Structure formats: C-alpha cells, structure tokens
Amino acid sequence: MIPTSENRPNPDALLARLAGESRSAGRGRMKVFFGANAGVGKTYAMLEAAQALLRAGRVPVVGVVETHGRKDTQGLLDGLEVLPRRTTDHRGITLGEFDLDGALTRSPQVILVDELAHTNAPGSRHEKRWQDVAELLNAGIDVYTTVNVQHLESLNDIVTEITGVKVRETVPDQVLEQADEIVLVDLPPQEMLQRLREGKVYTGTQAARAADGFFKTGNLLALRELALRFVAKRVNVDVQVYRNAQGDRKTWATQERLIVAVGPSPSSAKLVRATKRLAASLGGEWIALSVTTPQSQMNRAARERLAENQRLAQSLGAEIVSLSGSDVAETILTYARDRNVTKIIAGKPVLPRWRELLRPSPVDRLIRESGDMDVYVIRGEGDSASQSRSLRPSSASKKPYLAALACVALSSAVAWVMYPFFELPDLIMIYLVGITTTALFASRGATLLATALGVMAFNVLFVPPRFTVDVESPHYLLTFAVMFVVATVISSLTLRLRQQVVLARESERRTVILHRLSRRLAALRGTESIIRAALDEVALAFQTQAFAFLPDPSGKVVYFSGCPAALPPSAKENAVAQWVYSNALPAGAGTGTLDSSTLTHVPIRAGEDSPMAVVAVMPPNQSTGMQPDQMELLNSLCAQAALSLQVDRLEHMRSLAQAEAETERLRSSVLSTVSHDVRTPIASIQGCAESLLESEQVIAPETRRELLRTIADESHRISGMISNLLDMTRLEGDGLHLNLVPLPVDEVIGAALAAVEPRLSGRAVQVQIPSTIAFVSADEILIQHVLLNLLENAIKYSPDRSPIEVIAREEGDSVILEVADHGPGLEPGEELVIFEKFHRGKAGQKAGGVGLGLAICKAIVDAHGGQITARNNDHGGATFAVSLRAADGLVDLPREEEP
C-alpha cells in the first residue's frame, strides 16, 4: 500500500534519526537516575537496576559508588564486581578516585559510575567525572549514573536564588540531553525530611545543619518541581521524536500546545491576547506563527502592524515563528503536526462571500483538514474593509494586465496567420501557450484576464459564424468550457511553480548566507576575529552597515573598533547597546523598544546564557525598518556567532584548566622530587655536623677532613638543585636576553671543562676539534652553561673512570657540539622526553637531582635558534648533540705534534 500524506514519515525526521543512529553506532548507552536532591534514593535505585541486570544474565561492574555508610545501600553491592579505586596524593591527603584506565581495560558491558557532577582530583585525566563517562560511552560501554537537578548548568542560578546555596559542581545540559534514558527517582518532601531525621541521608550535626539549611521544606518543593519539569520536558521531546520518526501525523495530546495565526490584520492583536488567556488556563505552551507567501503583498503600514503583533505576542510569552510557503493553510497544518499542536486559533474570515465561493479561505481549509486538532475561530475587531485593504499593494500596477492583453493579441495574430492551414484545436494550443506565458510573469488576476480574453477572442475570430459572439453548433460551448478549464489549470500550476521557485531562491539565499558564515567561523578563533567575520556577513546579507559592541570586564559595552565601517560617536547608540546587553532583548529601530535609535540592536546570545556582544544594524530601509524575515535571518546569524564564541570560550577555559592541571602536576613533581632529593644531602650534612660537634676532641684529622668534604659536596649538590630551579623559573618567566657574539669553539669547550674539572675525579676527557672550524654565534655565558650541564650529566649517568668524549664539527652553516658518555644509555623512546622538565632516566634515579638540567639546556639552545638532540651510541652510552648557527670567520688551531 502506498503511504498517504497523513501517515508518510517526515523526511527531516528520518534524516535526523539516521544521523543520530550513525552517531550512536558503536557508542554505549547512558542511563541516568535523576533526583531532586541528595537522599531520594538514586544510588539505591541504580544498584537495584544493576542487581536486576545480574539476574538477567548481564554482568554489571561497579566503577565507583558512594554508599555514604548506608547499610541498605551497601548490601546491594553484594554479588557485584567492584573495581579498585585509583589513589592519588593531593596536599598530603590520599584520595580515592574512579580508575578510568582500569575501567577501559576491564571493558565491561555495563558500568556503574555514581555522582556524575563530581570533580576529579588534580592530576586526573579529566577535570570532571562526566568527562570520564563520555570516554566510557565512546568506548562502547553502557553507563549507569546518578545526578541531582541542582547540578544542571542551566538551572544553577535558579537553584542559588531558591536555596541561597551556590552549587559549584555542575553538568552541562547537553550531557543529559544525550542520555538514552532518564529515570526519575522521586520522594515527597515529608518523607525526605523523615529520612533525614532517621540519619539515612546525613548523620549527627551534619543532618541538623542540613535540615535548617538546604533541606527546608520550601527548598525541597521547589527542587522537586524543577526535577519534574525537566523530566517532563525530556519525555515530551522523546514523544515528538518518536512521532516524527514513525510518520504518525495524529496529534498526541500529552501536553497542550497552541498555535495562533498572526498577520498584519488589526484583529491579530485580539487573537494574540485570547490565545495567551487560553494557554494560561490550559497550562500549555503557545506559538505565534506568521506565514509569508510569494503572492502576499503588504504595504508599509501592514508590515509595521505585523511586526507590532509579533512583538506583542513575544512580550506575552509566545514563541515567535515565521515561515514561508505557497499555501498558508498547508504550511500551518504541517508545522502544527510537526510540533504536536493540540489547538489552532485563527481569525474569522473577512472576505466577501462570493470570493470565498470561488476560492475557500485558509480558515475553511484549517477546519476541514485539521484532523485531531481543535480549531478556534475568533471574531476580530475593526473595519473588515480596512483589513482586506492592508493586504493589497499600495498602488496597483497596470503592467501585468497590459502584458496579458499583449499576450492575447499576439496569440490571436499567430492564430490568424495559421488559420488557413490548421484546424481549430491547433489554434487553441496557441492561446494556451499565450496564457501560460502570461502566468510566468504576471499576477493571478492578469492570468485570469488573459484566460477569459483568450476564450472570447478564439470564439469571435475563428469559431463560425466568425466575428460574432454567436456559435454555429452547441458543441463549441463545451470546447470553450474545456479550453477555459485547461487554461485555468495550466496557469494555476505555472503560478504555483513560480511561487515555489521564489521560495526556493529565498531559502537558498538564507542557506548560503548561514553556510558561508558557519564555514568562516569554523576556521576562526578569538572574539575579535569571530565578531569581525559575523559583521562582514551581516553587512553583505542586508547590503547595509553593521557594527558591534563588546563588554569590558566591568560589564559596560564599548564600541568594537574592528567594525568594517566606522560608527560616528553617539552616546544614544551606546546607551541602546548597553540596554540590549543588560536585558538580553532586541531594541532600536523597528523593534518597539527605544525606537528613536537609527540602528537595530540584537544581542549575540547562546541559549539562556548572558549576551556575549551586541550587533547593531542599519536597517536597509529606514522608513520601514527591519522586516520580520530580515529579523529572523539576523537572529540566525547572531546565533551562529554566539555558538562560535561559546566554543571559543570553552576551548579557552579548557586550555586554562589544562594549564592549571599541568601546573599542579609540575608543582607536585617539584615538591616530591625536591623533598626527596634535598632530604638526602641535608641528612648527610646534619649527620656529619653532629659527628664533628660530638667528637670534636677525639676525631682523627683524616676523618674530620672526610666529614668536611662530605658537607661541602652535599652543599654543592643542594646549591646545584636550587640554581637549576631558579634558572628554569627565569627561563619560563622573563625569558632570555642573549648577547650573541662570535666565539671560538675551543675556548667555549675549554671553559666548560675547566669548570667541571673538580668533579671529573681523574676521568679521561677526549676532545676532538678540527684544526679549522667556524666560530659559533652564541651567548658566551649561556652556551658554557649548556656544555657544563651536559658534562655533569655525562659524569652522573656513566660509571666512574669511564671516558667522556667532546666532539666539535661543522655541518653546513651550523656547528655541532657533541658530548658522549659510556653509561647505560637511554631507554627506548626516552630520547623524545629526555628534555622535559623533571624527567630523570631510570638508569640515573640513584644519582639524584630534580631533572631540570637538560630542560635548561633545551630552553637555552631554543633561544639561540638551535637544536639539541639525544641518541644512543652503537658501542653503548648516549650522545647529546647541540646544533648552533656558525658565525662569520674561522679559527686556526695549531696541530699538536705527536711525540
């Protein structure tokens, strides 16, 4: 059976469903146990669901569950596998966290992760637990989790106003919107308070403080309402998605939703107010819908009334929707079915009865084709004649009618020439071509005129008796009727096709504008770049000037100097922009708010968040202002810009969070390393000093000298650690100020060897420098510091008495300085991380140090524009190579004669 239009699936819904299925392919499912507040039993319900899965043959695994010492909740863990927690030290406190890597390695079918809004300990891979859950879902693992309504990001400020408590841990709404199932765990306030008194939520003084604070009856009632509303809204969305995907066009009256048809008629204001009262009495949502068709022609006064009626509906709480379509009734009904509307409110027709007989009004079609939806027809106010006049052009053009006469005359002339050689039916085709041509560019009235004149001309000029309105045979009357009907049908189809082309072109224009802006914004980062691109597209879309105002840290908007067109200083425009930013509503020319402004100001705002900027547009037509369709396009462009700004802001926050986490990790590494490596030499110094004090009279001179040498060596070791820490701080803070001069390579190496000689302890150092080698362009002190660190590193990480090699050579326009040792070398892959801060090779853990020497070398070499690398030697050990730019000039070294 071929599906009818009533039960055919919505193509857009099918595409959205297929896109959602492709996104969820291979992704785990998330089930959220949602409650109004702590203690309603979310964790208990989650564990009961896990036990049900276990009985059904599936094996859920507990990733992290907080029982808070409740015995009944603890008992539900029996029989479930519990993953061990990952321990981490934070400021001397050992914390147990969810082991994400352990869960990914275990890869269970279902995992339980309690407290979705939890903030992970510093040093964790993700800052928030909901990010851990996202990674689990991407790995194809089903997740059961819990969260309270106060943790929703969009409700954070509302919860604060109700309870007086600022909730710090929040979850983005999008996380819950992507949940496959939400289970509401509900408990009346009185039972909740009883559980609190029984110690089932908190114990001791904590329970008393909770009862006097957050857990007041009013707070619990308000939070319960927020939770119920959120879940009800989610269920309603699920209902609509299911209806659209199944192609069910019937109305499911699960929630009252009303649509009022709004136009330029003065009676629309009465319809809007009546719909508001009806929606309030039914407790439902309502939508103010206006439909624009290609043939609708409104004068300036009508356009202003339409905008005024839309502003009235918006001020009364309606959702404003503007659509384009070739058929008003069909457009309204299609949109109403897609939105699961239960009631349609329309105005009583004001057209003369004879016109309604010739062409039924949209209201008649709404009543006849509404199906399960109720249609309310309300009598309007005002003069019906004035209402119908508002839809007519201000000055009717005669050109289409003259063109219709010309087409009929041309068709008659062609038919006159063809008359001696062709039959009458062939001549009828010529008139049909002329009428169709008229429908391609003329109005409906002109096309009907051409149809009537064509039939009359054919009768008078070619049907016997010719040149009279009489007909020789009655069957010609049937010919005239068929000719008129065929011409009317063809012209109507041609007109409809032309209207659809106009709509398609307008839709394509809007799509191209939005796509072009989206493509530009995808490649941009930074507020100024995004705003500048948005202004360019707004100015291009409306062929006018566009400006922007950005907020400063104090919340005061200032003119954006990067606008493509200069805005004359105007205190009034700044004041309007400030009002728009503060109130998050449009204002200025054509909006009904601060109408004296010459610009139309619109906030750039993502969802319900505070505005991020204000866009001001010079209306293309100052006399009429921004039209509804233009305002809709402007709002869409601003929404695109707001989304990009929000993404840019989130990326900036993520980078700050990553930097903070890295700082915390480095700080922990510094404290751990320094506390360990400084404690050892201090202990040695302390022991030697105490031995000298306690045995001052009897200690042998050699022993005394050995103790003093130990104190000196360990002091030097501590001094070196502190020097490296200070050097690294300086390198990462103010940076380096290089004093580049041409330096002889032999002098640089000689100075470094002289500085490290006390630590060589008789080691052999083999130096290989060509007799003729270019000078090196470097800062003398800093490059000696690099070589000194490399030599000390070779001494530290190689056996005693093993030789060290220092090699200098030229390679192109660079000078290569190498330091090689004969130690254990580098671990596989360690050459990639050896220069990172606080990294120490496994072979040299016993050597001490904080792991900053090579990091300092890299920072200095990078500042010189050079390169430092590490590699293992074929014969054992490691070689560190420094590449620096050669300076102009050569140094001739005398060769030593062999003995």
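See the structure printed just above.
Peer 1: What am I meant to see in the sheet that holds strand S12 (residues 343-347) here?
Peer 2: The pairing of strands in a sheet happens through backbone hydrogen bonds and is either parallel or antiparallel. An order of S11-S10-S9-S12-S13 is seen for the five strands of this open sheet, with the pairing classed as parallel. Two strands lie at the open edges of the sheet, namely strand S11 (319-324) and strand S13 (374-378), each paired on one side alone. Put simply, the sheet's adjacent strands are angled 25° from each other on average, direction ignored. Pairing of S12 with S13 involves five bridges; the strand directions are parallel.

Peer 1: Would you mind going over the side chain of Arg-339 with me for this structure?
Peer 2: Mapped onto the fold, Arg-339 is located in the loop between helix H13 (328-338) and S12. Among the polar contacts made by the side chain of Arg-339, one reaches the side chain of Tyr-335 at a distance of 2.7 Å.

Peer 1: It is not clear to me how the packing of helix H26 (residues 780-796) against helix H27 (residues 853-863) should be interpreted in this structure. Could you clarify?
Peer 2: To describe two helices that pack against each other, one gives the angle between their axes and the distance between the axes. Interhelical geometry of H26 versus H27 gives an angle of 150° and a closest axis separation of 9 Å. Classified by the angle between their axes, H26 and H27 sit roughly antiparallel to one another. In the packing of H26 onto H27, the handedness of the crossing is left-handed. Of the residues in H27, those touching H26 at Leu-782, His-785, Val-786, Asn-789, Leu-790 and Asn-793 are Gly-853, Leu-854, Ile-856, Cys-857, Ile-860 and Val-861. Classifying every residue of the contact of H26 with H27 gives eight nonpolar, four polar and no charged.

Peer 1: Hey, could you run me through empty space enclosed by the protein in this one?
Peer 2: Rolled over the atoms, a probe as big as a water molecule pinpoints where empty space is left. Following the criterion strictly, the structure yields two cavities of 30 Å³ or more and no others. By volume, the largest cavity amounts to about 50 Å³. Contributing to the lining of the largest cavity are Ala-36, Asn-37, Val-40, Leu-187, Pro-188, Pro-189, Met-192, Leu-220 and Arg-224. Contributing elements (two or more residues each) for the lining of the largest cavity: helix H8 (189-197) and helix H10 (217-246).

Peer 1: Even after reading the chapter, I still don't get the sheet that holds strand S16 (residues 587-588), so can you show me in this structure?
Peer 2: If you walk across this open sheet you meet the five strands as S15-S14-S18-S17-S16, and the pairing is antiparallel. Here the strands that pair on one side only, and so sit at the sheet edges, are strand S15 (557-559) and S16. As defined by bridge partners, strand S14 (residues 546-551) adjoins S15 across three bridges and the pair is classed as antiparallel. Residue pairing in the sheet places Pro-551 in a bridge with Val-557 of S15.

Peer 1: Just to check I follow, could you spell out the pairing of strand S21 (residues 772-778) for this structure?
Peer 2: The side chains of a regular strand alternate, first on one face of the sheet and then on the other. For S21, the buried fraction is high: six of the seven residues fall into the buried class. Where strand S19 (residues 741-743) and S21 come together, three bridges link them in antiparallel fashion. What sits directly across from Val-741, in S21, is Ala-778.

What counts as what
Numbering of residues begins from 1 in every chain and follows the order in which that chain's sequence is written. Note on the predicted model: pLDDT of at least 70 is required for a residue's local features to be given, and 80 or more for side-chain atom pairs to be given and counted; whole-chain, interface and lining totals, by contrast, use all residues. Hydrogens and waters are ignored; side-chain quantities use all the structure's heavy atoms. The pairing criterion for strands is at least two bridges between them, as found by DSSP. Helical segments are the DSSP runs of H or I of at least four residues, strand segments are the runs of E of at least two, and each set is numbered from the N terminus. Each axis is a line fitted through C-alpha atoms, and for a helix only the stretch in contact is used; angles between axes span 0 to 180 degrees, taken between their N-to-C directions. Distance and chemistry together define a polar contact, namely a pair of N or O atoms within 3.5 Å, with one atom able to donate a hydrogen and the other to accept it when in protein, and with adjacent residues in sequence counting only for side-chain atoms on both sides. When an angle is under 35 degrees it counts as roughly parallel; over 145 it counts as roughly antiparallel; between 65 and 115 it counts as roughly perpendicular; any other value is oblique. Definitions for this section: a left-handed crossing has its near helix turned counterclockwise from the far helix by less than a right angle. A right-handed crossing has that turn clockwise. Should any heavy atoms of two residues lie within 4.5 Å, those residues are considered in contact. When residue character is reported, Ala, Val, Leu, Ile, Met, Phe, Trp, Tyr, Cys and Pro are called nonpolar, Asp, Glu, Lys and Arg charged, and the others, Gly included, polar. Cavities and pockets were defined on a 1 Å grid built over protein atoms only: a cavity is a set of grid points that admits a 1.4 Å probe from which the probe cannot escape, a pocket is an open set flanked by protein on both sides within 12 Å along at least five of seven lines, and lining residues are those with an atom within 4 Å of any such point. Grid points are joined across faces, edges and corners, and a volume is the space filled by probe spheres set on the points. Burial classes: relative accessible area under 20% of the type maximum marks a residue as buried, over 50% as exposed, and values in between as partly exposed (1.4 Å probe, protein chains only).

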